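# Reading the structure
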Amino acid sequence: MVFRWLRRIRRAYYLRKKRIPFDVWQSSIDPLPVLRGLTNAELNRLRELSSLFLYEKAINGARGMEVTETMRVQVAAQACLPILNLDLDYYDGWHEVIIYPDTFIVQHEEIDAAGVVHQRRRVLEGEAWDRGPVIFSWQDACPDHSAPEAGANVIIHELSHKLDMLNGEANGMPPLHAAMDRRQWTNIFTQAFERIQYQGESGADLLIDPYAAESPGEFFSVTSEYFFVAPHILNASFPQVYQQLSNFYRQDPLSRY
Ligand SMILES: [Zn+2]
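Everything quoted here is computed from the prediction, not taken from an experiment. (Residues numbered from 1 in each chain as written. Predicted model: local features only at pLDDT ≥ 70, side-chain atom pairs only at ≥ 80, totals over all residues. Heavy atoms only, no water.)

### Looking at the coordination of the zinc ion
- At the metal site, the zinc ion is ligated by His157 (NE2), His161 (NE2), Glu218 (OE) and Glu218 (OE), and these contacts range over 2.1 to 2.6 Å.
- In this structure, the zinc ion is coordinated by four donor atoms arranged in irregular fashion, with angles at the metal of 54 to 144°.
- Read in sequence order, the donor residues coordinating the zinc ion give the pattern H-x3-H-x56-E. You can see His157 sitting in helix H5 (residues 154–164) and its partner Glu218 sitting in helix H7 (residues 216–229), a full 61 residues away along the chain.
- When its relative accessible area of 7% is taken as the criterion, His157 is described as buried. (Donors = N, O, S within 2.8 Å, 3.2 Å for Na, K, Ca; no water. Tetrahedral: all angles 85-135°; square planar, octahedral: opposite > 155°, others 65-115°. Helix = DSSP H or I, 4+ residues; strand = E, 2+ residues; numbered from the N terminus. Buried < 20%, exposed > 50% of the residue type's maximum accessible area, 1.4 Å probe, protein only.)

Okay, structure coming up:
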């Protein structure tokens, strides 16, 4: 258990000595469309948070992936965007980001209702373990391959799962602020989730990635991606969800575009 005051002193000391150098910061974030529209004050705060993120989390490559300084800064900047107006403490309880060059395969054991164990192999772009690492494929995260107009950002997706897991399993409701109404959040998200499930089944054209219909936890993370990357699409489809996310993240990305 780290005392908060001790941590504050340590962070302030670190920021004085080891802030990401401005030229490295600028050249790394330039290619990231998701950060366009932030004010200079917001970018300064993001640089501080990103510096501390790199101080407190290890970023490791897997399967021969070499992680460069630019990549580290790009990961940190996108990881810290959701907590820009929250706090780095929201990322407590885990210490590592693992980057694969490409999609990766995970094997899960699942026990069905009859007690039979099934081995499931899944090909993933990203994954966030409860109290464990955040993992994603660089191919799906690197700026050259990102498609912001489609609302995709695997880093924001996985980090929003981390926020969701702060109060138990990823069920689509992170710890809300005191001024927020839990019942209102639940009603709005449940209605929106049911609508996207219905639209998926009826074959209707979805504006949002149909993966959001997978579970309430995925709905929260997919809509969080849109919130930051393509807020106009989310606001057009689910304005009340946009508003709730705006209350939670304490940001209004629509005003940036
Ligand atoms: Zn997910």
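### Quick notes on H7
- In this model H7 runs 20 Å from its N-terminal to its C-terminal C-alpha over 14 residues, within 8% of the 20 Å that 1.5 Å per residue would give.
- Taking burial as the measure, the 14 residues of H7 include 13 buried ones, the bulk of the element. (Expected span 1.5 Å × (residues − 1).)

### A look at the nonpolar core
- Counting residues in hydrophobic clusters, the biggest one holds 70 residues, and the most contacted among them are Phe53 and Phe136.
- Two domains each provide a minimum of three residues to this core, namely domain 1 (1–154) and domain 2 (171–257).
- The contacts of Phe53, once residues within four sequence positions are left out, are Ile59, Ala76, Ala79, Cys80, Leu88, Tyr91, Trp94 and Val97.
- With six residues, the next largest nonpolar core counts Ala62, Ile98, Phe104 and Ile135 among its residues. (Core = buried A, V, L, I, M, F, W, Y, C linked by side-chain atoms within 4.5 Å. Domains from an automatic or database assignment. Contact = heavy atoms within 4.5 Å.)

### As for the sheet that holds strand E6 (residues 134–137)
- Read across the sheet, four strands follow the order E1-E2-E6-E5 without closing on themselves; strand pairing throughout is mixed. Each end of this open sheet is capped by a strand with a single partner; those strands are strand E1 (58–61) and strand E5 (126–128). Recorded for the sheet is a direction-independent mean angle of 15° between the axes of neighbouring strands.
- In this sheet, E6 lies alongside E5 in antiparallel orientation, the contact comprising three bridges. (Pairing = 2+ DSSP bridges. Axes fitted to C-alpha atoms, helices over the stretch in contact; angles between N-to-C directions.)

### Notes on the pattern of salt bridges
- Using the criterion set out here, one finds 10 salt bridges in the structure.
- For the salt bridge of Arg11 with Glu56, the shortest nitrogen-to-oxygen distance reads 2.7 Å. Here Arg11 is found in helix H1 (residues 4–18), whereas its partner Glu56 is found in helix H3 (residues 40–56), with 45 residues between them in sequence.
- The exposure class assigned to Arg11 is buried, which follows from its relative accessible area of 11%.
- Glu69 serves as the salt-bridge partner of Arg72, at 3.5 Å between the closest nitrogen and oxygen. Taken together, the residues span about one helical turn, with Arg72 and Glu69 both in helix H4 (residues 69–80) at a distance of three residues.
- For Arg72, a relative accessible area of 23% gives the class partly exposed.
- In this structure, a network of salt bridges that share partners links the residues Arg4, Arg7, Arg11, Glu56, Asp87, Asp89 and Asp92. (Salt bridge = Lys/Arg side-chain N within 4 Å of Asp/Glu carboxyl O.)

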